[in-house]
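Working through the structure, step by step
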Amino acid sequence: MFQGSSLHSRFVNWVPSGEEVANPANGVLPNFLQQKTLNKLLLVGCDKSGTSTIFNQAKMVYNVPFSEDERQSIKLQIQSSLYGYLGILLEGRERFEEEWLAEMRRKRSDELGPSSNLDIIFPASSREYAPLIEDIWKDKAFQATYDRRNELHMLPRIANYFLDRAVEISSTDYDPSDTDILYAEGITPSNGLASMEFSFPKSTQDSFMDATRFQLIRVHASSLGENCKWLEMFEDTDLVLFCVSLTDYDQFSDNTNGVSSNKMLESKKLFESIVTHPSFHQKNFLLILNKFDLLEEKIKQIPLTRCEWFRDFNPVISHNQSSTSSNYNNPSLAQHAFNYIAVKFKKLFFSLTGGRRLYVSRVTGLEPDCVDEALRYTREILKWEGEKPQLTLHESSSCSVNASSSS
Ligand SMILES: Nc1nc2c(ncn2[C@@H]2O[C@H](COP(=O)(O)OP(=O)(O)OP(=O)(O)O)[C@@H](O)[C@H]2O)c(=O)[nH]1
Ligand SMILES: [Mg+2]
C-alpha cells in the first residue's frame, strides 16, 4: 500500500530539490509542507489496557477540549461505575453480615427491591441518587464493609478513588475533573470508536514537521469483530499503537465460550491478528506497554512467570539494590520485566513480519509526560520510516528496546 511508495513520498521531500523550492514571498508553501496531510494513528488494545486513559490524556496534553456530549457521557459512565462499586460493597456486606441487608430491605423495600441487584437499586444513572447513597454511606455495617473492602476481590483498585467521594459523584451537579476522567473505567461510546486531531506544540528543537496534524483514533478490540474483520476500515492508518497492560500477566478473563484465559495471552493473540491482517500487512507498529507504575508494585508480589509465555524470565538482580531505587546501570525488577516483555513482542513481530522492527514505548497512562513522550515518539517513527534509506543515522531513542539485548 502506502508503504514504500506513498508514505515514503510524504516525507521524502524534506529537503526541497531545485524544482520545488518555495517562494515564501508569493505565499506558496514548500512542497514538503503542502504534501503533508494528516498522520493517522490507530490506538487499539484489549479491554482495560488503558486506551481510553491514553486517549483522554492526549486530549488534555494537547488541549483538545471535551465536547459537552463527551463530558455528559463520561459523567454518566463514572456514576454507573460508582454504582457498580457500591453494588459490590453491598454484596460484600451481605456476605459479611447477612442480617444487615434483611433489615435494610425492610426499611427501604421500595428503593432496594428484593435483592441487592444493581439495576434494581439504581435503574438509571440520570436520577438523583445522592440522598440514597448518603444513607447507605452513613450506615455502620456498610462502613464496616467499606473498611474491609480489600477482601472484596471484585472491587477494582481504582474504586477507592471514586468511593471516597460517593455522595458528591452521585449528585446531579457532579462535574468530572480531569483526574476523574483519567481514573474512570470504561468511558467508551457504544461503538467503541473515538477520534481526535492534534498537533504538537512548537518547541525550539522542533523542525517543520510541527505543522503536521495527527489524528488519533481509538478503537475497541471488541468492535473489530471476528478475526478483526473491520480493521479494513482503518486501512489508511500510518502507525498502529498497540496498547498492552503490563499488569495483565496474572489476570484472567472469560471469553465468549466461557473459557478462562490469561489476559496477556489474549493481548498476544489480538496483536497477532492485527499484525497479520491483510489490510495491515506492512504497517508500522508502536507497542505501548502501559501501567508501568502498577507493574512496579505487582511484580514484587507476583512473579512474571505466572504467565506461561514468560516462563523463562530469570533476571539477574544485584543483591545490594533497594527495591525502590534503580538507575540505568542497576535496573529494577520492573524494568527487567518491561525489557523482557518488550523483547518477547519484538521477536514475535519480527517472526510475523519477516524481519521487521517493532517500536516499543514504556508508558504510565496517568502521567501526562509519559503519554506526550510516547506520542512524540510516533512522530519520530513516521519520520524514520519515511526516510528509511538513511534510517541508521537517526535510530536511537530512550524508548526503544533492541531485540538482541536479551531474550
Ligand atoms: N495506575 C494506572 N492505572 C491506569 C493506567 N492506565 C490506565 N489505568 C486505569 O486502568 C483502568 C482501565 O483503563 P481504560 O483506559 O478504561 O482502558 P480501556 O478498557 O482500554 O479503555 P475503554 O474500554 O475505552 O474504557 C482505568 O481505571 C484507568 O484509570 C496506568 O498507566 N496506571
Ligand atoms: Mg475501559
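It should be emphasised that the depicted structure is a prediction, and the values quoted were computed from it without experimental measurement.

Of the two faces of strand β8 (residues 359-362), the one lined by Y359 and S361 and the one lined by V360 and R362 are each fully buried. Pairing geometry for strand β7 (residues 284-290) and β8, over 4 bridges, is parallel. Bridged to L286 within β8 is Y359.

With that settled, the discussion passes to the packing of helix α14 (residues 292-301) against helix α15 (residues 333-353). Their axes nearest at 9 Å, the elements α14 and α15 cross at an angle of 115 degrees. The chirality of how α14 crosses α15 is right-handed. Between α14, through F292, L295, E296 and I299, and α15, the contact on the second element is made entirely by L333, A334, A337 and F338. Per-class residue counts for the contact of α14 with α15 are 7 nonpolar, no polar and 1 charged.

Attention now goes to the nonpolar core. The nonpolar side chains of a soluble globular protein tend to be buried, and buried together. Counting 60 residues, the largest nonpolar core has L241, F242, L287, I288 and L289 as its most contacted members. In contact with L289, not counting residues within four places along its chain, are V244, L246, F338, I341, A342, V360, R362 and V363.

This part is about the environment of T172. In this structure, T172 sits in the loop between α11 (166-170) and α12 (178-183). The exposure class of T172 is exposed, given the 11 C-beta atoms found within 10 Å.

The next subject is the packing of helix α3 (residues 51-61) against helix α16 (residues 368-386). In the contact formed by α3 and α16, the axes pass within 9 Å of each other and the chain directions differ by 90 degrees. When the axes of α3 and α16 are compared, the pair comes out roughly perpendicular. Packed against α3, whose contacting residues are I54, Q57, A58, M60 and V61, the element α16 presents P368, V371, D372 and L375 at the interface. Across the contact of α3 with α16, the residue classes tally to 7 nonpolar, 1 polar and 1 charged.

Here we come to the confidence of the model for the chain. If pLDDT is low for a region, its predicted coordinates should not be looked at in detail. Chain-level pLDDT for the chain is 80 on average; 73% of the residues reach the 70-or-more range. For the stretch residues 1-35, pLDDT sits under 50, and the model shows 35 contacts to residues farther than four places along the chain or on other chains. Note that residues 402-407 has pLDDT below 50 and, in this model, 10 contacts with residues that lie over four places away or in other chains. Predicted complex metrics record ipTM = 0.97 and pTM = 0.76.

Conventions used here
- Residues numbered from 1 in each chain as written.
- Chains lettered and ligands numbered in written order.
- Predicted model: local features only at pLDDT ≥ 70, side-chain atom pairs only at ≥ 80, totals over all residues.
- Buried ≥ 20, exposed ≤ 12 C-beta atoms within 10 Å, placed from the backbone.
- Helix = DSSP H or I, 4+ residues; strand = E, 2+ residues; numbered from the N terminus.
- Pairing = 2+ DSSP bridges.
- Axes fitted to C-alpha atoms, helices over the stretch in contact; angles between N-to-C directions.
- Left-handed = near helix turned anticlockwise from the far one by under 90°.
- Contact = placed C-beta atoms within 7 Å.
- Nonpolar A, V, L, I, M, F, W, Y, C, P; charged D, E, K, R; others polar.
- Core = buried A, V, L, I, M, F, W, Y, C linked by C-beta atoms within 7 Å.
- Parallel < 35°, antiparallel > 145°, perpendicular 65-115°, else oblique.
- pLDDT = per-residue confidence, 0-100.

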